[in-house]
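So you can see what is in the structure, the chains are spelled out below.
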Amino acid sequence: MTLYFLVKYLHVLGAIVILGTGGGIAFFMLMAHRSQDAEFVARTASVVVIADALFTLSAVILQPITGGMLMMLSATSLTERWLIASLALYAVAGLFWVPVVFMQIEMRDLARKAAEQRAGLPPRYFVLFRRWFVFGFPGFGATMLILWLMIAKPF
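Quick look at the structure, then. (Residues numbered from 1 in each chain as written. Predicted model: local features only at pLDDT ≥ 70, side-chain atom pairs only at ≥ 80, totals over all residues. Heavy atoms only, no water.)

### A closer look at the nonpolar core
Okay, step 1: In terms of nonpolar packing, the biggest core is built from 20 residues, with Ile25, Met29, Val41, Met107, Leu121, Tyr125 and Trp132 touching the most fellow members.
Okay, step 2: Elements that contribute at least two residues to this core include exactly α1 (3-35), α2 (38-74), α3 (81-116) and α4 (123-152).
Okay, step 3: Those residues within four positions of methionine 29 in sequence are excluded, and the remaining contacts are Thr44, Ala45, Val48, Met107, Phe129 and Trp132.
Okay, step 4: With 10 residues, the next largest nonpolar core counts Leu83, Leu89, Ile146 and Leu149 among its residues. (Core = buried A, V, L, I, M, F, W, Y, C linked by side-chain atoms within 4.5 Å. Buried < 20%, exposed > 50% of the residue type's maximum accessible area, 1.4 Å probe, protein only. Helix = DSSP H or I, 4+ residues; strand = E, 2+ residues; numbered from the N terminus. Contact = heavy atoms within 4.5 Å.)

Quick look at the structure:
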């Protein structure tokens with residue numbers, strides 16, 4: 001196996017981790033939210049926060065490193081339009097993902113407090129959940145488009 005294919009494998013693996021963890025987090029948070037059970041939401045959000053820190057953050061940090069290495073190893077120019085578009089979409093994804101992390105932390109804390117008090121989820125939780133849900137579309141959509149651009153290199 002050449003260095004190029006090893007780095008390419010790690011880069012693709014990073015994309016899979018970002019998309020897989022993002023999809024899994026969205027599914028589990030949505031299912032917990034639908035229950036409206038503060039204890040269940042608190043437990044789920046706790047795991048989601050850990051998963052985002054361990055998996056998503058690691059992959060998000062490694063993607064530019066492996067991508068830069070791939071550029072050097074393949075002599076890809078930074079002026080290629082598909083790459084410029086990918087980098088712009090990476091920034092868009094980040095602009096939506098970073099606030100989502102903080103929303104998840106706050107939703108977890110609100111749900112924990114509600115569970116401790118044996119109360120329902122507070123109105124602030126529902127505001128955050130709606131915002132979290134809406135932010136997921138451009139954030140996740142941008143990562144899906146990046147994957148397509150990496151594979152197709154259409155322009």
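### Some thoughts on the side chain of arginine 108
Okay, step 1: Among the structural elements, arginine 108 can be located in helix α3.
Okay, step 2: Excluding residues that lie within four positions of it along the chain, arginine 108 makes contacts with Ala42, Ala45, Ser46 and Val49.

### What about the environment of methionine 107?
Okay, step 1: One can find methionine 107 in helix α3.
Okay, step 2: Relative accessible area serves as the criterion here: at 0%, methionine 107 is assigned to the buried category.
Okay, step 3: Put simply, methionine 107 and tryptophan 132 are 25 residues apart on the chain and 9.6 Å apart in space, counted from C-alpha to C-alpha.
Okay, step 4: Residues within four places of methionine 107 in sequence aside, it is in contact with Met29, Tyr125, Leu128, Phe129 and Trp132.

### Describing the packing of aromatic side chains
Okay, step 1: Evaluation of the coordinates by the stated rule reveals eight aromatic pairs.
Okay, step 2: Ring geometry for phenylalanine 129 versus tryptophan 132: centroids 5.3 Å apart, planes at 35°, classification tilted. Placement of the pair is phenylalanine 129 and tryptophan 132 together in helix α4, with a separation of three residues, close to one helical turn. Each member of the pair, phenylalanine 129 as well as tryptophan 132, is classed as buried. (Phe/Tyr/Trp six-rings, centres within 6.5 Å; stacked < 30°, edge-to-face > 60°.)

### Observations regarding the environment of proline 154
Okay, step 1: Note on placement: proline 154 falls in the segment after α4.
Okay, step 2: A relative accessible area of 38% means that proline 154 is categorised as partly exposed.
Okay, step 3: Once the C-alpha coordinates of proline 154 and arginine 112 are considered, the two residues, 42 residues apart in sequence, prove to be 47 Å apart.
Okay, step 4: Residue contacts for proline 154: discarding those within four places in its chain leaves Trp82, Trp148 and Leu149.

Fair warning: the whole summary comes from geometry, so function is off the table for now.
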